[in-house]
Amino acid sequence: MVCSVSICAGEIFELKAELNSDKKEKKKEAVKKVIASMTVGKDVSALFPDVVNCMQTDNLELKKLVYLYLMNYAKSQPDMAIMAVNTFVKDCEDANPLIRALAVRTMGCIRVDKITEYLCEPLRKCLKDEDPYVRKTAAVCVAKLHDINAQLVEDQGFLDTLKDLISDSNPMVVANAVAALSEIAESHPNSNLLDLNPQSINKLLTALNECTEWGQIFILDCLANYTPRDDRESQSICERVTPRLSHANSAVVLSAVKVLMKFMEMLPKDLDYYSTLLKKLAPPLVTLLSAEPELQYVALRNINLIVQKRPEILKHEMKVFFVKYNDPIYVKLEKLDIMIRLASQANIAQVLAELKEYATEVDVDFVRKAVRAIGRCAIKVEQSAERCVSTLLDLIQTKVNYVVQEAIVVIKDIFRKYPNKYESVIATLCENLDSLDEPEARAAMIWIVGEYAERIDNADELLESFLEGFHDESTQVQLQLLTAIVKLFLKKPTETQELVQQVLSLATQDSDNPDLRDRGYIYWRLLSTDPVAAKEVVLAEKPLISEETDLIEPTLLEELICHIGTLASVYHKPPSAFVEGSRGVMHKRLPARTGSGESTESPDVGTAAGGSAPEAAPSIIPSQGDLLGDLLNLDMAPPTTSGPPPPTTGMQMGGMDLLGGGLDSLVGISHSVDPYAMGAGFGAAPAVMPASLNAPVGGGLGDLFDLGGVGMPMGAYIPPKIVWLPAMKAKGLEISGTFARRAGVIQMELILTNKAMSVMTDFAIQFNRNSFGLAPAGPLQVLTPLGPNQTIEVSLPLSTVGPVMKMDPLNNLQVAVKNNIDVFYFSCQYPISMLFVEDGKMERQVFLATWKDIPNDNESQFQIKDCHLNSDAASSKLQGSNIFTIAKRTVEGQDMLYMSIKLSNGIWVLAELRVQAGNSNYTISLKCRAPEVSQCVFQCYEAVLKN
């Protein structure tokens, strides 16, 4: 709304006189003055009745100006605006189609509830107008009216009229009808407004060739929401959409790419057309990179997604992603990212030559990214690793500070990927120790010194030099230094006793950082109780790091591919992450491949919410910047051996109690042994714990040590049986039932009652495709005929390997039951707890890493009201339904249970349940990579805890 600026009474009076003039020209000039005043923010609402009187004219220009005024002030003057209704009705029947269209367009823009009902009849006429210009304008008006009053639009039948316009003979009317229906469907995700079928798709494709560029975009976006019946229909649509790739408008090109990327999923890879289509997709994407920088950036962000899904499309186009000297930094960084994704053994020499050149640029951010890119190339293409290391050493020799620091960070990653291969460069790295001033580079260098301490003669001196300013270092460096010195002590125990005690003392007594303190006490405890275990834990062989740790998760990538050409593809986030309200929250998925001669499971197709997932996702190693990075590999469980440890000599380090019992009160372990007796041979821990450590364990998720008093599990929760199919709807057959999980098998427990007069036989059952692939594992065993008024109970075992299709709601199951009389259909909802598998208890370290790895956007919080169980009873009850408690801690009288659930399709759900003594309301936070399951999981929690 424009801000009001005062306008003098004299000016108003003059304008009023001119507006009521008999001369048409004078009247038009007066309206122009009014609009000019309105545009600069002056309040001219006092002239409302006088301006509205000017509507009665045949002059199109004057009418447009009056309508413009009306749109601006109708909301503040709703009673006055009603005066204009008769003119609207009259204008909608004007002989001039431009005036009819102008009237209906203005109607849609006046957002006043009072007058919308008066506009229904004119709008209905315009929707069936003989002129296509009026019809296409009216189609958009329906969407605007729906935004003001949705119920009115539905009651008046405008949505059905809009659907009919999809079959209109004019392509622009079709495009606007599709745009309007898509807009309405976005605000009502569960409605099936765009009920697309092969016939309507054919009409859209016919209109596609003839409408304007924005009309083409609307139609292409609509096509992208359609799922073809088979690969032949998919190929047919692709063939008719492909010409849009050569369009001059980049938005049309990206919309066409989106449709083709989606429908390619259904084409068999051995089809000739599939490889032809791949070749056709490359040139338009390359052409987009010759546009202005802003468009280039949007194109590059979309190409980044496409390359992750189908790198073969652009594998021969590496050169177009080489950076130009005049590219803006945001384009340079995006091109660099795509270069790494396309790097392969065939083009690595070319890529490395480019990256080395970039590392000598003047732009610091770009140089850093280029150096990191060299390291990523080494990790991705093993054959190039030696050449990459050589290039990095050359860059270190330049002695440019930020280049040296980035090089050291990436060399650390190369050491992790190729152990015992390139350690000869350590000496060169150590020469640059003094020039390191960035936390990440210092932490990387400390890691290298600690990891290869046995190869560095003066490793203790190097680490001691860092220790001098321990409290001035960043947390990242402090944590890395603590771990490195413990590694050094385990490798050279006799030479570094003082050093390790010094760092443990600094970390545990002189630090306020809970992460640092926790890690210090863990190491102290390990070293003092079981040095052999300490060596196994701290010096354990580390898993090789993945070359593509920055890849987008498959399910998210699928959704983003379905949003190519939109903001989601630029942000690389699903619409639900940045669109407020109800719009844009529908999660889209790519269709499953159905081509003949090929398995329906394709390695290229990501896992849908209910689809089959791999048993275990590849473990992602946390980056060096992760404060708990090294802790994730530690076994936090107490030692399995009981009784005192076997006596050991001082040389074996067993007699050295580095902790002196100091951690006992923290971890909750009591010993009858005098805590100082063991510490006498070495520096004993302080007698008094720091005040901040007397509190319960609870700095964060890293403190999950002990389950406390979690009870034994009870039986699994089974919902009560309900009537699914009433007898009156099934010719006398009544079906009641429920679902249960027993000994790892899902059972559908049915009660069949014959309320008819005839005998029922030949029972069979079938399920429609559903979210989790539920299907009968065998036939429905009704062994004897079911006589009149007889009831029989049947248990049907179910499997989860059936065909998958996302349902709404997610746990909806459509069932068909056949007998000798007829086939009957019903739907029911199964509790998702039936899909919770028995091996769903996650390791604590894995739980911690996974919780941190799942984006915060995927976290949902719910309230469970009127629940009167304590935390132990709740944990025990939930465990009976395969909801496993990983850890429990108490903070300020509130019990916090950390839980894990694994679904039958491999999806993990992590939970934090908060139980406050004396409060019957629980709070539960759920985190999952497929957030659409969270609502169903919450419902299971509520059902289990309240029954």
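Thresholds applied
Residues numbered from 1 in each chain as written. Predicted model: local features only at pLDDT ≥ 70, side-chain atom pairs only at ≥ 80, totals over all residues. Heavy atoms only, no water. Helix = DSSP H or I, 4+ residues; strand = E, 2+ residues; numbered from the N terminus. Contact = heavy atoms within 4.5 Å. Areas by Shrake-Rupley, 256 points an atom, 1.4 Å probe, with all protein chains shown as cover. Pairing = 2+ DSSP bridges. Patch = residues over 30% accessible without salt bridge, like charges linked within 9 Å, V, L, I, M, F, W, Y side chains within 5 Å. Salt bridge = Lys/Arg side-chain N within 4 Å of Asp/Glu carboxyl O. Lys, Arg positive; Asp, Glu negative; His and termini not counted. Charge placed at Lys NZ, Arg CZ, Asp CG, Glu CD. Buried < 20%, exposed > 50% of the residue type's maximum accessible area, 1.4 Å probe, protein only. Core = buried A, V, L, I, M, F, W, Y, C linked by side-chain atoms within 4.5 Å. Axes fitted to C-alpha atoms, helices over the stretch in contact; angles between N-to-C directions. Expected span 1.5 Å × (residues − 1). Phe/Tyr/Trp six-rings, centres within 6.5 Å; stacked < 30°, edge-to-face > 60°. Polar contact = N/O pair within 3.5 Å; in protein donor to acceptor, adjacent residues only side chain to side chain. Parallel < 35°, antiparallel > 145°, perpendicular 65-115°, else oblique. Nonpolar A, V, L, I, M, F, W, Y, C, P; charged D, E, K, R; others polar. pLDDT = per-residue confidence, 0-100.

Colleague: A description of the overall build of the protein chain should follow, citing residues and the corresponding values.
Modeller: The number of helices and strands found in the protein chain is 37 helices and 13 strands. Sequence separation of at least 24 residues holds for 69% of the intrachain contacts in the protein chain that already meet a minimum separation of 6. Accessible surface, the protein chain as shown: approximately 42,500 Å² in total, 52% of it carbon and sulfur.

Colleague: Please set out the sheet that holds strand 6 (residues 791-799) residue by residue, giving values where relevant.
Modeller: The five strands lie next to each other as 1-2-3-6-5, forming an open sheet whose pairing is antiparallel. Each edge of the open sheet carries a strand with a single partner, namely strand 1 (722-725) and strand 5 (775-776). Where strand 5 lies against strand 6, two bridges are found, and the strand directions are antiparallel. Among the inter-strand pairings, Pro776 is bridged to a residue of strand 6, identified as Leu798.

Colleague: Outline a negative patch on the surface, supporting the account with residue identities and numerical values.
Modeller: A surface patch of negative charge is lined by Glu461, Glu464, Glu468 and Glu498. Residue placement: Glu461 occurs in helix 27 (residues 459-467). For Glu461, a relative accessible area of 52% corresponds to the exposed category.

Colleague: Explain the nonpolar core residue by residue, including any values.
Modeller: Counting residues in each nonpolar core, the largest one holds 213 residues, and the members touching the most others are Tyr69, Leu204, Val241, Leu355 and Phe415. With near-sequence residues (within four places) excluded, Tyr69 lies in contact with Val34, Ile35, Met38, Val44, Ser45, Leu47, Phe48 and Val51. Core analysis: the next-biggest nonpolar cluster, separate from the first, contains 64 residues, Leu750, Leu774, Phe862 and Met899 among them.

Colleague: Got a sec to walk through the sheet that holds strand 4 (residues 764-767)? Specific residues and values, please.
Modeller: The strands making up a sheet are joined through hydrogen bonds of the backbone, oriented either antiparallel or parallel. An order of 4-7-8 is seen for the three strands of this open sheet, with the pairing classed as antiparallel. Whereas interior strands pair on both sides, the edge strands pair on one side only; in this sheet they are strand 4 and strand 8 (823-829). When strand polarity is set aside, the average angle formed by the axes of neighbouring strands in this sheet is 25 degrees. In the sheet, strand 7 (residues 812-818) pairs with strand 8 via seven bridges, with the strands oriented antiparallel. Looking at the pairing, Ala816 lines up with Tyr825 of strand 8.

Colleague: I'd like a description of the pattern of salt bridges, backed by residues and values.
Modeller: Summed over all chains, the structure comprises 35 salt bridges. Taking the shortest distance from any N to any O, the salt bridge between Glu265 and Arg310 comes out at 2.7 Å. Pair noted here: Glu265 is in the loop between helix 17 (250-264) and helix 18 (272-288) and Arg310 is in the loop between helix 19 (293-309) and helix 20 (329-342), with a separation of 45 residues, a long-range link. Overall, the relative accessible area of 1% leaves Glu265 in the buried class.

Colleague: Which residues make up helix 26 (residues 439-451), and what are the values?
Modeller: Note that an α-helix has 3.6 residues per turn; residues three or four places apart therefore point the same way. The end-to-end C-alpha separation of helix 26 is 18 Å, in line with the 18 Å expected for 13 residues at 1.5 Å each. Burial analysis of helix 26 places eleven of its 13 residues in the buried class, the great majority of the element. Listed as buried for helix 26 are Ala441, Arg442, Ala443, Ala444, Met445, Ile446, Trp447, Ile448, Val449, Gly450 and Glu451. The inward-facing, buried residues of helix 26 abut helix 24 (401-417), helix 25 (426-431), helix 27 and helix 28 (475-491).

Colleague: I'd love a proper account of the packing of aromatic side chains, names of residues and values included.
Modeller: Scanning the entire structure with this criterion turns up 13 aromatic pairs. Ring geometry for Tyr297 and Tyr330: centres 5.5 Å apart, planes at 90 degrees, overall edge-to-face. Taken together, the residues span a long stretch of sequence, with Tyr297 in helix 19 and Tyr330 in helix 20 at a distance of 33 residues. Note on Tyr297: relative accessible area 24%, which makes it partly exposed. Look at Tyr521 and Trp524: their rings are 6.4 Å apart centre to centre, the planes differ by 10 degrees, and that puts the pair in the stacked class. Of this pair, Tyr521 and Trp524 are both found in helix 30 (residues 514-529), three residues apart, which corresponds to roughly one turn of the helix. Trp524 shares its class with Tyr521; the two are buried.

Colleague: I'd like to hear about the pairing of strand 11 (residues 894-902), residue by residue, with values.
Modeller: Strand 11 sits mainly inside the fold: nine of its nine residues count as buried. Residues Gln894, Met896, Tyr898, Ser900 and Lys902 point to one face of strand 11 and Asp895, Leu897, Met899 and Ile901 to the other, with burial holding for every one of them. With seven bridges connecting them, strand 10 (residues 884-891) and strand 11 associate as antiparallel partners. Looking at strand 11, one finds that Arg889 is bridged to Met896.

Colleague: Break down the environment of Gly893 for me, citing the residues and quoting the values.
Modeller: Along the chain, the position of Gly893 falls in the loop between strand 10 and strand 11. Residues Gly893 and Ala917, 24 residues apart in the sequence, show an inter-C-alpha distance of 6.8 Å. Those residues within four positions of Gly893 in sequence are excluded, and the remaining contacts are Val915, Gln916 and Ala917.

Colleague: Go over helix 36 (residues 871-879), please, and point to the residues and values.
Modeller: Within helix 36 the residues assigned to the buried category are Ser871, Ala874, Ser875, Ser876, Lys877 and Leu878. Those residues of helix 36 that are buried lie in contact with strand 10, strand 11, strand 12 (908-916), strand 13 (922-928) and helix 37 (934-946). Where helix 36 starts, the residue carrying a side-chain oxygen 3.2 Å from the main-chain nitrogen of Asp872 turns out to be Asn870.

Colleague: Quick one: what's the story with the packing of helix 30 against helix 31 (residues 531-538), residue by residue and with numbers?
Modeller: Think of two packed helices as two axes; the pair is described by the angle between the axes and how far apart they sit. Direction vectors running N to C along helix 30 and helix 31 enclose 135 degrees, while the axes themselves pass 5 Å from each other. Taken together, the axes of helix 30 and helix 31 lie oblique to each other. Judged by residue contacts, Tyr523, Leu526, Leu527 and Thr529 of helix 30 engage Pro531, Ala534, Val537 and Val538 from helix 31. A class-by-class count of the residues in the contact of helix 30 with helix 31 yields seven nonpolar, one polar and no charged.

Colleague: Which residues make up unusual backbone geometry, and what values do they have?
Modeller: Residue Pro809 follows Asp808 across a cis peptide bond; omega there is 0 degrees. In this structure, Pro809 sits in the loop between strand 6 and strand 7. Backbone geometry places Lys399, a non-glycine residue, at a positive phi of 65 degrees. Tracing the backbone through its elements, the reader meets Lys399 in the loop between helix 23 (385-397) and helix 24.

Colleague: Tell me about the packing of helix 4 (residues 60-73) against helix 7 (residues 97-109), residues and numbers included.
Modeller: With their axes 10 Å apart at the nearest point, helix 4 and helix 7 run at an angle of 5 degrees to one another. On the basis of the axis angle, helix 4 is roughly parallel to helix 7. Across from Leu60, Lys63, Lys64, Tyr67 and Met71 in helix 4, the residues of helix 7 making contact are Leu98, Ile99, Leu102, Ala103, Thr106 and Cys109. Looking at the contact of helix 4 with helix 7, its residues break down into eight nonpolar, one polar and two charged.

Colleague: How would you explain the environment of Ala17 if you had to name every residue and give the values?
Modeller: Relative to the helices and strands, Ala17 is located in helix 1 (residues 9-19). When its relative accessible area of 45% is taken as the criterion, Ala17 is described as partly exposed.

Colleague: So, the confidence of the model for the protein chain: which residues are in play, and what are the values?
Modeller: Regions with low pLDDT should not have their predicted coordinates read in detail. Of all residues in the protein chain, 84% attain a pLDDT of 70 or more, and the chain-wide mean is 79. Across residues 1-5, where pLDDT falls below 50, the model places nine contacts with residues more than four positions away in sequence or in other chains. Segment residues 595-713 is flagged for pLDDT under 50; beyond a separation of four residues in sequence, or across chains, it makes 209 contacts in the model.

Colleague: Any details on the pairing of strand 2 (residues 733-742)? Residues and values, ideally.
Modeller: The element strand 2 is largely enclosed, with a buried count of nine among its ten residues. For strand 1 and strand 2, the ladder comprises three bridges, and the chain directions are antiparallel. Across the sheet, Val723 pairs through a bridge with Ser736, a residue of strand 2. Relative to strand 3 (residues 745-754), strand 2 runs antiparallel, the two sharing ten bridges. Opposite Phe739, over in strand 3, you have Met748 as the bridge partner. Hairpin connection between strand 2 and strand 3: a loop of two residues separates the two successive antiparallel strands, and Ala743 in this loop has a positive phi of roughly 55 degrees.

Colleague: Explain the environment of Leu342 residue by residue, including any values.
Modeller: In this fold, Leu342 is placed in helix 20. Leu342 gets classed as buried once you look at its relative accessible area, which sits at 5%. Taking the C-alpha atoms as reference, Leu342 lies 7.5 Å from Val307; in sequence the two are 35 residues apart. Residues contacting Leu342, with those up to four places away along its chain left out, are Val307, Pro311, Leu314, Lys315, Met318, Phe321, Asn347 and Lys380.

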